Amino acid sequence: MYSDEDCLYSSEVTFYELAGMELPYSSGGIASSYCDSCVEQDDDGNVGTSEFCMGLKEASGGCDEYDQSQCDLVEQLQSAIKAESKSGGGMAIFLWILFALALVGGGWWFFKVYKAKKAASGVDTTPISGAMS
């Protein structure tokens, strides 16, 4: 705070003494650093641009010849989102295949351990031919 209208001399009186509260935004900025994603997925797994981002594009009033960069960015994001949704979600397919392989591998390992324990305990697990004839 300053004691003159030209802001040349610092005042000894603080904002807290005058207002009874701390100076707003004195410990941080006005704008948040939180970012929202423009990618949105519906219940069917379709991917698209969120209403929030579409609203920003519409609220901007469109593009002009002087500031095309932001509109180009939004169009690039929309193109990337559409390309990802057309690709069929390759990562999801990969994860399902990985899960299936892990399931089969785990079953095979469990079976081998089971057979090894049975063999170690001395129990004969081979079928007896003609036992019930």
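Residues numbered from 1 in each chain as written. Predicted model: local features only at pLDDT ≥ 70, side-chain atom pairs only at ≥ 80, totals over all residues. Heavy atoms only, no water.

### Overview of the overall build of the protein chain
The number of helices and strands found in the protein chain is 4 helices and 2 strands. Its helices and strands taken in sequence order, the protein chain reads α-β-β-α-α-α from the N to the C terminus. A buried classification covers 5% of the 133 residues belonging to the protein chain. By sequence separation, contacts in the protein chain at least 24 residues apart represent 17% of the contacts at least 6 residues apart. As displayed, the protein chain offers around 11900 Å² of accessible surface, 60% of which is attributable to carbon and sulfur atoms. (Helix = DSSP H or I, 4+ residues; strand = E, 2+ residues; numbered from the N terminus. Buried < 20%, exposed > 50% of the residue type's maximum accessible area, 1.4 Å probe, protein only. Contact = heavy atoms within 4.5 Å. Areas by Shrake-Rupley, 256 points an atom, 1.4 Å probe, with all protein chains shown as cover.)

### Describing a nonpolar patch on the surface
A cluster of nonpolar side chains, contributed by W108, W109, F110, F111 and Y114, occupies part of the molecular surface with about 670 Å² of accessible area. Assignment of secondary structure puts W109 in helix α4 (residues 90-121). (Patch = residues over 30% accessible without salt bridge, like charges linked within 9 Å, V, L, I, M, F, W, Y side chains within 5 Å. Salt bridge = Lys/Arg side-chain N within 4 Å of Asp/Glu carboxyl O.)

### Regarding the side chain of S50
Along the chain, S50 falls in the loop between β2 (47-49) and α2 (51-59). Discounting residues that sit within four places of it in the chain, S50 has contacts with S37, C38 and E40.

### A word on the confidence of the model for the protein chain
Low pLDDT means the predicted coordinates in that region are not meant to be read closely. Per-residue confidence for the protein chain averages 76 on the pLDDT scale, and 73% of its residues sit at or above 70. No element of the protein chain has a lower mean pLDDT than helix α3 (residues 69-86), at 72, and none a higher one than α4, at 86. (pLDDT = per-residue confidence, 0-100.)

### Quick look at the packing of aromatic side chains
Under the defined criterion, the tally for this structure stands at 1 aromatic pair. Ring geometry for W96 against F99: centres 6.0 Å apart, planes inclined by 85°, an arrangement best described as edge-to-face. Highlighted residues: W96 and F99, both in helix α4, separated by 3 residues, approximately one helical turn. (Phe/Tyr/Trp six-rings, centres within 6.5 Å; stacked < 30°, edge-to-face > 60°.)

### So, a negative patch on the surface
Judged by side-chain charge, E40, D42, D43, D44 and E51 come together as a negatively charged surface patch. Residue class for D43 comes out exposed when judged on its relative accessible area of 83%. (Lys, Arg positive; Asp, Glu negative; His and termini not counted. Charge placed at Lys NZ, Arg CZ, Asp CG, Glu CD.)

### Remarks on α4
Taking 1.5 Å as the rise per residue, α4 with 32 residues should run 46 Å; its terminal C-alpha atoms sit 47 Å apart, in good agreement. Of the residues trailing α4, G122 is marked for its positive phi of about 85°. (Expected span 1.5 Å × (residues − 1).)

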